[in-house]
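Survey of secondary and tertiary structure
The primary structure of each chain is shown beneath.
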Amino acid sequence: MSFKELKFTATLYGLEKLIRIKAKRYPSYARHLATKDITAQVKLKDNTAGRYYIFKNGNVTSKSGIHPNPDVCMAFEDVEVAARILKPGRNLLDFINAGKNFQLAIQGADDQVMWFLETLNQLFTLGLEYGTDMGKGVKRYTSNTNGGPVFVYVKDGKIIRITPIEFDEKDARPWTITARGKNFTPPRKTTVSPYTLAWKSMVYSPDRLLYPLKRVDFDPHGNRNPQNRGISGYERISWDEALDIVASEIKRVKREYGPGAIMNGSGSHHTWGNLGYWLSTRLRFFNSVGFTPITHNPDSWEGWYWGAVHHWGHTMRLGGAETYGTVEDLLKNCEMVVFWSSDPEATSGVYGAHEGTIRRQWLKELGIKMVHIDPYYNHTAAWLGGKWLAPKPGTDSALALAIAYVWITENLYDQEYVATRTEGFEKWKDYILGKEDGIPKTPEWQEEETGVPARDVRALAREWGKKKTYLVAGGIIGFGGACRTATGTQWARAMVCLMAMQGLGKPGVNMGCLQQGTPVNTKFYFPGYAEGGLSGDLEGTAMAVSLYQRMPQLPTVNTVYQRVPRLKIPEAILEGRCIGYPTDSKTIEGQFLKYEYPAPGYPKVKMYYKYGGSHFGTMVDTNRYARAYRSEELEFVVNQSIWFEGEARFADIILPACTSFERWDIGEFANCGGYINHSYTQCNHRVIVLQHKCIEPLGESKSDYQIFLELAKRLGLAIPYSEGMTELDWCKRMFDASDLPQYITWKEFLKKGYFVVPNPPEELRDPVAYRWYAEDRPKDTPEISPLPADYTEEYGKGLQTQSGKIEFECSSLKRFDPDDPERPVICKYLPAWEGPHTTELYKKYPLQLISPHPRYSFHTMGDGKGSFINEIEDHRVQIDGHYYWVIRINPEDAGARGIKNNDLVKVYNDRGEVICAAQVTARVRPGTVHAYESSALYEPLGEPGNSADRGGCVNILTPSRMIIKKSHGMAANSCLVEVSKWEGEK
Amino acid sequence: MTKRYYLIYDLAKCIGCHNCLMACKDEHVDNEWPGYTLPQPRHGHKWINIHRIERGQYPHIDVKYIARLCRHCDDAPCIKAAGGAIYKRPDGIVMIDPGKARGKKELTAACPYGMILWNEEREVPQKCTLCAHLIDQGWQKTRCVQACPTGALRLEKLTKEEMEHMINEEKLEVLDPGHDTSPGVYYKNLYLYNKCFISGSVAVEIEGKTECADGAKVILRQGQEEIAATTADCFGDFKFDALPRNSGLYIIEILFDGCEKKIIELELKNSLNVGTVFLT
């Protein structure tokens with residue numbers, strides 16, 4: 001026997017002893033051992049060496065040799081492979097390679113194999129301590145949310161308190177920016193969004209799904225009654241029954257139609273954590289099963305992605321801007337900030353809690369001038385002050401063109417920059433001056449469209465032309481309600497063109513409002529959720545860039561090419577066909593590649609596995625979705641949800657998921673990765689959090705990971721799905737994959753729960769966005785986009801456009817469809833296809849409804865479900881015991897309709913009716929009404945999909961027409977409605 | 001010198017995020033703090049109540065918030081009314097004894113500020129405790145103060161003299177001073193709530209186009225007395241703030257190079273946007 005063989009034999013012998021010792025020391029492990037009686041063999045494939053373990057009645061014994069009929073068998077190719085895999089602190093890549101190269105084979109029933117692997121893996125994790133003892137039986141854990149990281153105080157297995165994180169003495173020091181003789185340093189703590197502080201009420205919500213449910217009149221073996229979805233009640237069933245039904249339906253649908261008949265998608269957001277987010281666990285499972293994915297519309301980015309991209313590229317940011325170093329540049333050099341359709345105090349950038357708020361206090365302190373352009377006197381304007389200009393919704397691009405007109409005619413733009421750093425200006429200039437169509441785009445011309453006085457536009461243009469100005473278009477660079485109007489592409493395009501005229505990238509001339517671009521360390525690697533977590537998905541996530549190399553895992557591939565655009569789910573179901581355009585962050589032309597449903601050779605969708613937040617409040621014309629659910633075309637609907645709300649009420653089987661406080665995860669504050677590269681520069685400190693499993697899952701609920709694992713076991717997929725790992729094992733793998741181990745041990749990190757990334761010294765801070773571009777130098781900002789092939793001349797020189805410059809006349813559009821009336825090659829003003837110019841409709845529905853992202857909730861999180869957030873009067877108003885969604889209406893419009901504050905009103909158009917509580921306010925310009933989108937509740941008063949909603953889904957009213965035909969994007973803010981007093985149910 | 005706790009709320013710093021209310025509910029709903037307070041009901045109770053304030057008319061408006069909570073008065077009417085069920089701690093915090101106050105719904109009427117609320121389920125009056133249970137454990141901040149992102153809410157522990165100094169220094173005021181209860185809650189920039197403004201825009205005709213009268217001189221008079229003077233900004237906008245409501249007749253004089261002086265008379269009741277004034 002060679003030394004290696006001897007070592008193998010000794011290791012196997014030692015394993016039994018180790019299991020016994022640990023079972024003696026850790027009661028939890030002893031309890032685990034008692035849950036199964038199995039025989040597990042570990043051996044070399046050629047049977048020359050091996051040992052089998054007999055687990056019985058909680059005890060383990062073992063024997064050398066080969067068992068004739070073990071329940072589980074783990075076989076190594078040879079002793080070399082075994083030595084690599086069995087050594088403590090093994091390299092995970094060795095493990096993955098052994099599996100992929102068939103050098104390690106594991107056989108047995110999935111649940112027994114998983115049990116054996118968990119038995120082995122637990123040997124490494126037992127006894128690890130986590131959380132901080134606070135005395136009197138209280139333990140303080142850490143978690144992370146979409147609105148900031150938190151301490152979670154737990155007593156007797158129950159959450160008693162959730163607070164922001166205040167740093168201790170050991171945590172990294174903050175940065176300081178010196179500007180105009182002042183020092184600016186953020187406080188050593190994290191901030192949180194209001195819905196984050198409401199999490200306790202959502203965990204212990206009366207609407208929590210605590211056990212699996214089956215619709216009472218759904219019989220998988222008989223009458224399925226699809227027409228009763230959304231109407232019938234539910235009955236409790238066991239997990240086994242629920243999982244058996246879902247697994248057998250998956251098999252049946254694949255057998256009868258193929259995997260393409262299974263459809264799955266997600267909301268735009270999920271509970272926080274790199275493992276639990278919608279791009280991770282969910283994809284790993286569905287890629288393993290095969291499915292028709294629901295492709296996301298570029299939700300919130302519409303105009304930027306379908307429009308601005310063609311002027312300056314930035315597809316990796318879906319058309320948004322670079323943001324590096326802008327906090328320091330703004331504080332030092334900027335004289336005026338123009339907030340255009342930008343309300344960071346409501347939207348927190350995204351995931352940014354109140355980090356930017358702290359910095360915007362400095363704007364006030366420095367006395368920097370501010371202008372706010374928004375039909376709604378938004379929260380940022382209300383707090384910071386400054387001039388408010390309120391264009392009619394969807395007319396912003398007319399205002400922008402008039403600004404350009406003033407700059408051109410009064411010579412208030414950077415002619416040298418335009419001449420050397422841009423292309424195609426002359427053509428646009430001719431259009432602005434009216435040489436192309438005979439209409440000079442004067443301030444007076446725009447007044448007709450926008451309602452903003454010409455003199456105000458002239459004053460703004462002159463001020464802007466003379467002062468070093470930052471433009472913040474949208475709450476971060478990208479976003480903004482104006483980009484979600486019928487003319488949203490033109491608005492976003494105009495924003496780029498205006499900045500190109502002012503010398504984008506020169507000191508004090510850039511994009512932002514201190515929301516992004518803090519001088520934190522962008523060189524420290526920790527993945528964002530869009531890097532795919534444990535998905536193994538190299539195509540549908542950003543995993544291939546960094547994470548895959550750092551966190552080896554089995555790749556997963558969906559073999560189904562068919563897709564359904566999220567905004568066309570109802571058409572796919574009800575009409576059986578639709579078209580879509582991709583959201584492709586790789587390259588500009590990706591968005592032109594039209595696809596059709598059904599794809600050639602693929603079946604139509606028969607099974608819908610819904611997961612995460614409801615679409616009723618977040619997509620458009622959403623009565624369509626309710627109607628689609630009730631179609632016979634859908635043979636089976638399963639919904640995996642935390643709460644009984646929204647779309648969950650339309651499922652045949654409901655699987656109860658737990659919250660992120662009830663499972664393990666790991667994630668960084670505001671780090672989404674992917675399409676907002678380095679998005680954590682919204683934060684004052686980079687804070688990476690080990691999201692402790694603070695409490696046990698409520699009732700019978702399970703984590704998404706566990707639910708999919710249970711299904712995987714029934715499909716023989718448990719090992720490829722889980723790699724034999726628990727969620728905590730995956731957390732450790734992600735910790736190891738990051739730069740954290742260079743600074744903190746796993747043991748310390750697990751115990752303390754968070755790490756504050758040290759900041760770079762001043763001389764190593766990121767360069768300012770676009771400074772390289774303005775000065776015609778190679779790109780020096782730390783992002784890998786554009787990809788090498790998208791540079792025209794030399795790598796790193798210029799932008800992603802064909803010319804490498806900002807293009808006033810877009811070469812990509814000239815190539816694709818130069819005559820597209822909806823998306824001309826230069827930015828033009830095109831009246832909205834739903835608005836004041838649609839005369840007949842406007843007569844019938846004379847109010848323009850805007851429905852921005854909510855301030856107090858986040859998508860459907862925080863709203864409804866007995867959440868504390870409902871107590872906020874600007875969120876919902878309680879009238880006769882019901883919490884109504886709020887619609888804001890100008891006193892003039894309210895008066896004309898006899899509407900008073902807190903009256904219940906019916907908001908309606910041809911698409912539907914929503915009952916809201918009126919808030920009479922001068923914050924909206926006359927003719928416009930404002931109600932947030934994202935109600936979690938959908939409460940039809942009659943037939944679902946065809947009656948008034950009392951839940952507050954104003955997206956029932958918004959148009960389903962694509963922002964431009966050749967796109968997949970919504971224009972929810974081009975929506976005509978009428979409002980009248982509601983007299984109750986008739 | 002004995003020190004007591006004071007809560008200070010700055011209207012100019014408050015962004016209306018309601019984190020304070022959320023933190024308060026997080027701390028008190030479903031949690032009983034024995035010796036301090038019973039759990040707060042999930043819905044209905046707002047121990048700190050944030051109210052939106054709107055002043056002016058479109059498009060010259062402003063929107064701020066006012067926080068209302070137990071004032072932890074030094075001369076608290078509730079204590080007088082409670083017969084021992086409500087007491088004052090040496091650190092200034094006014095506490096309701098949940099045992100002694102049980103069933104005493106009438107105590108909700110004892111607070112002139114309306115900040116004592118009735119817990120129907122537990123049959124007990126309740127209110128803000130200034131997180132006394134946490135303070136006694138060594139916390140430096142109440143939950144609402146900790147959750148406030150801008151420092152609009154501050155907790156201070158000061159002697160009477162130190163507080164008086166701060167009141168002068170920062171121009172702090174009490175809300176609803178008429179009740180004369182020596183509150184421990186002070187307000188900064190309270191004019192944003194209890195005073196009003198006069199605003200307007202000035203426009204002129206230049207070379208056939210209407211332009212904003214950047215730099216127009218605007219004087220506010222009451223009778224012959226000049227109250228304030230300002231200069232219109234680049235949008236021609238002017239604003240006089242912190243004027244008392246219902247303060248009678250005012251005269252606005254607007255002067256701009258090459259134009260006739262314009263005089264506007266008005267009676268001020270509440271914040272008023274006089275609209276656009278065209279000079280010729």
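Residues numbered from 1 in each chain as written. Chains lettered and ligands numbered in written order. Predicted model: local features only at pLDDT ≥ 70, side-chain atom pairs only at ≥ 80, totals over all residues. Heavy atoms only, no water.

Details of the overall build of chain A
Applied cut-off: Per the convention used, a helix needs a DSSP run of H or I reaching at least four residues, while a strand needs a run of E reaching at least two, with both numbered from the N terminus. The globule rule used for comparison is 2.2 Å times the number of residues to the exponent 0.38, while the radius of gyration itself is calculated over C-alpha atoms. Type-normalised accessible area, obtained with a 1.4 Å probe on protein chains alone, sets the label of each residue: buried when under 20%, exposed when over 50%, and partly exposed for intermediate values. In what follows, residue pairs with any heavy atoms lying within 4.5 Å of each other are defined as contacts.
Scanning chain A from terminus to terminus reveals 31 helices and 38 strands. Over its C-alpha trace chain A gives a radius of gyration of 29 Å, about what one expects of a compact globule, namely 30 Å for 986 residues. For chain A, with 986 residues in total, the buried portion stands at 68%. For chain A, contacts bridging at least 24 residues in sequence account for 74% of all contacts bridging at least 6.

A few points about the sheet that holds strand S27 (residues 653-656) of chain A
What holds strands together in a sheet is hydrogen bonding between their backbones, with the strands either parallel or antiparallel. All names here are of chain A. So the rule is basically this: Here a strand pair is declared whenever DSSP counts at least two bridges between the two strands. Working convention: axes come from line fits to C-alpha atoms, limited for helices to the stretch in contact. Angles between N-to-C directions cover 0 to 180 degrees.
Taken in spatial order, the 8 strands make up an open sheet running S13-S12-S27-S26-S25-S14-S15-S22, and their pairing is mixed. A strand with exactly one partner marks an edge of an open sheet, and here the two such strands are strand S13 (234-236) and strand S22 (564-565). The sheet contacts of helix H8 (residues 239-256) involve strand S12 (213-215), strand S14 (262-264), strand S25 (607-611), strand S26 (636-641) and S27, and relative to S27 the element is tilted by about 125°.

Structural notes on helix H1 (residues 19-28) of chain B
Residue and element names in this part refer to chain B. Counting buried residues in H1 gives 10 out of 10 residues, a clear majority hidden from the surface. Turning to H1, its buried residues number three or more, namely Asn 19, Cys 20, Leu 21, Met 22, Ala 23, Cys 24, Lys 25, Asp 26, Glu 27 and His 28. Immediately downstream of H1, the backbone of Asp 30 shows phi near 65°, a positive value.

Brief notes about the interface of chain B and chain A
Heads up, the rule is: Take the accessible area each of two parts loses on contact, using a 1.4 Å probe, and add the two losses: that sum is the buried area. For this analysis, a salt bridge means a side-chain nitrogen from Lys or Arg found within 4 Å of a carboxyl oxygen belonging to Asp or Glu. Under the rule applied, a polar contact is a pair of N or O atoms within 3.5 Å (in protein, one hydrogen donor and one hydrogen acceptor; residues adjacent in sequence only if both atoms are side-chain atoms).
Counting residues at the interface gives 54 residues for chain B, matched by 63 residues for chain A. For the chain B and chain A pair, buried surface summed over both sides reaches about 4,600 Å², with 51% attributable to carbon and sulfur atoms. The interface formed by chain B and chain A holds 6 salt bridges in total. Across the salt bridge formed by Asp874(A) and Arg52(B), the nearest N and O atoms sit 2.8 Å from each other. There are 34 residue pairs in polar contact (both at pLDDT 80 or more) connecting chain B and chain A. Elements that contribute at least two residues to the side of chain B that touches chain A include exactly H1, strand S2 (48-57), strand S3 (60-69), helix H3 (132-135), helix H4 (143-147), strand S10 (196-206), strand S11 (209-212) and strand S17 (272-279) of chain B. Top contributing element to the side of chain B that touches chain A by residue count: H1(B), with 7 residues.

Quick word on a nonpolar patch on the surface
To keep things clear, this is the line we draw: Exposure above 30% relative accessible area and the lack of any salt bridge qualify a residue for a patch; like charges then connect within 9 Å, and the nonpolar side chains Val, Leu, Ile, Met, Phe, Trp and Tyr within 5 Å. Note on areas: these come from Shrake-Rupley sampling with a 1.4 Å probe, and a residue is covered only by the protein chains present in the view.
Taken together, the side chains of Met1(A), Phe3(A) and Leu6(A) present a nonpolar region at the surface, about 410 Å² in accessible area. Residue Met1(A) is classed as exposed on the basis of its relative accessible area of 70%.

Regarding the environment of Thr129(B)
Residue and element names in this part refer to chain B. When you line up the elements, Thr 129 lands in the loop between strand S7 (124-126) and H3. A residue is classified by how much of its surface remains accessible, and Thr 129, at 5% relative accessible area, is buried. In this structure the C-alpha to C-alpha distance between Thr 129 and Cys 70, which are 59 residues apart in sequence, comes to 8.1 Å. Residue contacts for Thr 129: discarding those within four places in its chain leaves His 28, Thr 37, His 72, Ile 93 and Met 95.

Topic: empty space enclosed by the protein
Residues and elements named next belong to chain A. Basically, it comes down to this: Put simply, the grid is 1 Å and covers the protein atoms alone, a cavity is a trapped set of points that fit a 1.4 Å probe, a pocket is an open set with protein on both sides within 12 Å along at least five of seven lines, and lining residues have an atom within 4 Å of a point. Grid points are joined across faces, edges and corners, and a volume is the space filled by probe spheres set on the points. Classification used: nonpolar for Ala, Val, Leu, Ile, Met, Phe, Trp, Tyr, Cys and Pro, charged for Asp, Glu, Lys and Arg, polar for all others including Gly.
Using the criterion set out here, one finds 10 cavities of 30 Å³ or more in the structure. There is about 360 Å³ of room inside the largest cavity. Ser 341, Asp 374, Gly 480, Gly 481 and Pro 852 are the residues nearest the centre of the largest cavity, which is lined by 27 residues in total. Tallied by class, residues from the lining of the largest cavity come to 10 nonpolar, 13 polar and 4 charged. Within this model, the second largest cavity holds a volume of roughly 320 Å³. Lining the second largest cavity are 27 residues; nearest its centre among them are Gly 612, Gly 613, Ser 614, Trp 643 and Thr 860. A total of 3 residues in the lining of the second largest cavity trace back to one element, the largest contributor, which is S26. A class-by-class count of the residues in the lining of the second largest cavity yields 9 nonpolar, 14 polar and 4 charged.

Considering the pattern of salt bridges
Proximity of charged atoms lets side chains of opposite charge pair with each other. Residue and element names in this part refer to chain B. Taken as a whole and judged by the stated rule, the model has 96 salt bridges over all chains. A salt bridge links Arg 4 to Asp 74; the nearest nitrogen and oxygen atoms lie 2.5 Å apart. Highlighted residues: Arg 4 in strand S1 (residues 4-10) and Asp 74 in the loop between S3 and helix H2 (77-82), separated in sequence by 70 residues. A salt bridge links Glu 156 to Arg 154; the nearest nitrogen and oxygen atoms lie 3.2 Å apart.

Focus on the nonpolar core
One broad trend across soluble globular proteins is that nonpolar side chains are buried collectively. Residue and element names in this part refer to chain A. Rules: Among buried residues, the Ala, Val, Leu, Ile, Met, Phe, Trp, Tyr and Cys ones that are joined through side-chain atoms within 4.5 Å form a nonpolar core.
Counting residues in hydrophobic clusters, the biggest one holds 205 residues, and the most contacted among them are Phe 55, Phe 76, Val 246, Tyr 609, Ile 653 and Phe 749. Counting residues per element, this core draws most heavily on H8, at 8 residues. Apart from the residues within four sequence positions on either side, Phe 76 is in contact with Phe 8, Val 42, Lys 43, Leu 44, Lys 45, Val 81, Ala 82, Ile 85, Leu 86, Gln 103 and Leu 104. Counting residues in hydrophobic clusters, the runner-up holds 94 residues, among them Tyr 413, Leu 498, Met 501 and Phe 808.

Looking at helix H15 (residues 396-409) of chain A
Note the following rule: Given a helix with a known number of residues, its expected span is that number minus one, times 1.5 Å.
Taking 1.5 Å of rise per residue, 14 residues should cover 20 Å, and H15(A) covers 20 Å from first to last C-alpha, within 8% of that figure. Asn411(A) sits one or two residues past H15(A) and shows a positive phi near 55°.

Considering the pairing of S3(B)
With 9 of its 10 residues buried, S3(B) lies for the most part within the structure. In this antiparallel pair of consecutive strands, S2(B) and S3(B), the connection spans 2 residues.

Here we look at the side chain of His968(A)
Residue and element names in this part refer to chain A. Assignment of secondary structure puts His 968 in the loop between strand S37 (928-930) and strand S38 (976-981). Since its relative accessible area comes to 1%, His 968 is described here as buried. Within the structure, the side chain of His 968 is placed 3.2 Å from the backbone nitrogen of Arg 566, a separation counted as a polar contact. A polar side-chain atom of His 968 sits 3.1 Å from the main-chain amide nitrogen of Leu 567. In this structure, His 968 is in contact with Thr 295, His 296, Asn 297, Pro 298, Trp 306, Pro 565, Arg 566, Leu 567, Tyr 581 and Met 962, ignoring residues within four places of it in sequence.

Some points on the domain arrangement of chain B
A common way to report how large an interface is uses the accessible area buried once the components associate. Residues and elements named next belong to chain B. This is how the line gets drawn: Boundaries between domains were set according to an automatic or database domain assignment.
In terms of domains, chain B is made up of domain 1 (4-193) and domain 2 (196-275). Taking only C-alpha atoms, the centre of domain 1 and the centre of domain 2 are 39 Å apart. Contact residues are listed per partner, giving 11 residues for domain 1 and 13 residues for domain 2. Taken as a group, Arg 55, Gln 57 and His 60 account for 63% of the area that domain 1 buries against domain 2, more than any other trio of residues on that side. Where domain 1 touches domain 2, the interface holds 2 salt bridges.

A short note on the packing of aromatic side chains
Residue and element names in this part refer to chain A. Selection rule: Ring geometry is summarised as follows: Phe, Tyr and Trp rings, the Trp one being its six-membered ring, pair when their centres sit within 6.5 Å, and such pairs are stacked at plane angles under 30 degrees, edge-to-face over 60 and tilted between the two.
Taken as a whole, this structure holds 59 aromatic pairs over all chains when the rule is applied. Pairing Tyr 351 with Tyr 529 gives two aromatic rings, centres 5.8 Å apart and planes at 85°, and the pair type is edge-to-face. On the criterion of sequence distance, the pair formed by Tyr 351 in the loop between helix H12 (344-347) and helix H13 (355-366) and Tyr 529 in the loop between strand S21 (510-511) and helix H21 (547-550) is long-range, its members being 178 residues apart. By relative accessible area, which is 3% here, Tyr 351 ends up buried. Under the relative-accessibility criterion, Tyr 529 is labelled buried at 1%. Here the aromatic residues Phe 285, Phe 286, Phe 291, Tyr 609, Tyr 611, Tyr 705, Phe 708 and Tyr 721 are joined through ring pairs into a cluster of three or more.

Notes on the sheet that holds strand S29 (residues 687-691) of chain A
Residue and element names in this part refer to chain A. Here we have 3 strands laid out as an open sheet, ordered S28-S29-S30, and antiparallel in their pairing. In this open sheet, the two strands that pair with only one neighbour each are strand S28 (665-668) and strand S30 (754-756). Direction aside, the axes of adjacent strands within the sheet are offset by 10° on average. Bridge analysis of S28 against S29 gives 4 bridges, and the strand direction is antiparallel.

Describing the layout of surface pockets
Residue and element names in this part refer to chain A. Approximately 1,200 Å³ is the volume found for the second largest pocket. Around the second largest pocket, the lining comprises 35 residues; the ones closest to its centre are Gln 122, Trp 664, Lys 693, Glu 696 and Thr 726. Mapped onto the lining of the second largest pocket, the elements with two or more residues apiece are helix H2 (27-33), helix H5 (110-125), helix H24 (704-714) and helix H26 (727-737). Sorting elements by how many residues they give to the lining of the second largest pocket places H5 first, with 6 residues. The residue inventory of the lining of the second largest pocket, partitioned by class, reads 14 nonpolar, 11 polar and 10 charged.

Quick word on the packing of H5(A) against H24(A)
All names here are of chain A. Filter applied, for reference: Should an angle fall under 35 degrees it is taken as roughly parallel, and over 145 as roughly antiparallel, whereas 65 to 115 is taken as roughly perpendicular and any remaining angle as oblique.
Packing of H5 against H24 brings their axes to within 8 Å, and their N-to-C directions diverge by 130°. Here H5 lies oblique to H24, going by the angle between them. Where H5 abuts H24, its residues Asp 110, Asp 111 and Met 114 lie against Leu 709, Ala 712 and Lys 713. Residues of the contact of H5 with H24, tallied by class, amount to 3 nonpolar, no polar and 3 charged.

Re unusual backbone geometry
Across the junction of Ser785(A) and Pro786(A), the peptide omega takes the value -5°, indicating a cis bond. Along the chain, Pro786(A) falls in the loop between helix H28 (771-774) and strand S31 (806-807). The residue after Tyr58(B), namely Pro59(B), is reached through a cis peptide bond having omega 0°. Note on placement: Pro59(B) falls in the loop between S2 and S3. Backbone geometry places His859(A), a non-glycine residue, at a positive phi of 50°. For His859(A), the position within the fold is in the loop between strand S32 (847-850) and strand S33 (876-879). By relative accessible area, which is 12% here, His859(A) ends up buried.

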